[in-house]
Amino acid sequence: MKFFDSLSNTSQIFVVFIGLAILFLLVFANNKRNKNKLYRRKRRNFKDNYEAKRKEKEE
């Protein structure tokens, strides 16, 4: 971490702040993606899908 230590205190705080902001955005985006996946999963109905596939096989 020689590079980080060579920066002034103000620059170090700025770099840490930018890093935390990037991490926050990544976590926020991942959380939104996971919610969408879960929401789509809730709308699925196993029984209806099973019966539809069964009818397709019979035809």
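Residues numbered from 1 in each chain as written. Predicted model: local features only at pLDDT ≥ 70, side-chain atom pairs only at ≥ 80, totals over all residues. Heavy atoms only, no water.

K.L.:
Now, about the overall build of the chain: what can you tell me, with residues and values included?
P.N.:
Summing up its helical and strand segments, the chain has 3 helices and 0 strands in all. When the helices and strands of the chain are read in sequence order from the N terminus, they spell out α-α-α. The C-alpha radius of gyration of the chain comes to 24 Å, more than 25% above the 10 Å expected for a compact globule of 59 residues. Here the C-alpha coordinates of the chain stretch approximately 75 × 20 × 10 Å along the principal axes. A total of 59 residues make up the chain; the buried ones form 2% of that total. For the chain, the accessible surface area stands at approximately 6,300 Å², while carbon and sulfur atoms represent 61% of it. The centroid of the 15 positive side-chain charges in the chain is displaced by 10 Å from the centroid of its 6 negative side-chain charges. (Helix = DSSP H or I, 4+ residues; strand = E, 2+ residues; numbered from the N terminus. Rg over C-alpha atoms; globule rule 2.2 N^0.38 Å. Buried < 20%, exposed > 50% of the residue type's maximum accessible area, 1.4 Å probe, protein only. Areas by Shrake-Rupley, 256 points an atom, 1.4 Å probe, with all protein chains shown as cover. Lys, Arg positive; Asp, Glu negative; His and termini not counted. Charge placed at Lys NZ, Arg CZ, Asp CG, Glu CD.)

K.L.:
Explain the side chain of Gln12 to me, using residue names and the numbers behind them.
P.N.:
Tracing the backbone shows Gln12 in helix α2 (residues 9–43). Not counting chain neighbours up to four residues away, the residues in contact with Gln12 comprise Phe4, Asp5 and Leu7. (Contact = heavy atoms within 4.5 Å.)

K.L.:
Tell me about the packing of aromatic side chains, residues and numbers included.
P.N.:
Taken as a whole, this structure holds 2 aromatic pairs when the rule is applied. Seen from their ring centres, Phe24 and Phe28 are 6.2 Å apart, and the 20° between their planes marks the pair as stacked. Of the two residues, Phe24 and Phe28 are both situated in helix α2; the distance of 4 residues between them amounts to about one turn of the helix. We classify Phe24 as exposed; its relative accessible area is 56%. (Phe/Tyr/Trp six-rings, centres within 6.5 Å; stacked < 30°, edge-to-face > 60°.)

K.L.:
Pulling in residues and values, what's your account of the confidence of the model for the chain?
P.N.:
If pLDDT is low for a region, its predicted coordinates should not be looked at in detail. Predicted confidence across the chain gives a mean pLDDT of 85, with 97% of residues reaching 70 or more. By mean pLDDT, helix α1 (residues 2–6) is the weakest element of the chain at 80, and α2 is the strongest at 88. (pLDDT = per-residue confidence, 0-100.)

K.L.:
Go over helix α3 (residues 46–58), please, and point to the residues and values.
P.N.:
In a regular helix each residue adds 1.5 Å, so 13 residues correspond to 18 Å; α3 covers 18 Å between its end C-alpha atoms and thus fits that length. Burial within α3 is sparse, with just 0 of its 13 residues counted as buried. (Expected span 1.5 Å × (residues − 1).)

K.L.:
Break down a positive patch on the surface for me, with residues and values.
P.N.:
Among the surface-exposed residues, Arg33, Lys37, Arg40, Arg43 and Arg44 lie close enough to one another that they form a single positively charged patch. The topology assignment puts Arg40 in helix α2. (Patch = residues over 30% accessible without salt bridge, like charges linked within 9 Å, V, L, I, M, F, W, Y side chains within 5 Å. Salt bridge = Lys/Arg side-chain N within 4 Å of Asp/Glu carboxyl O.)

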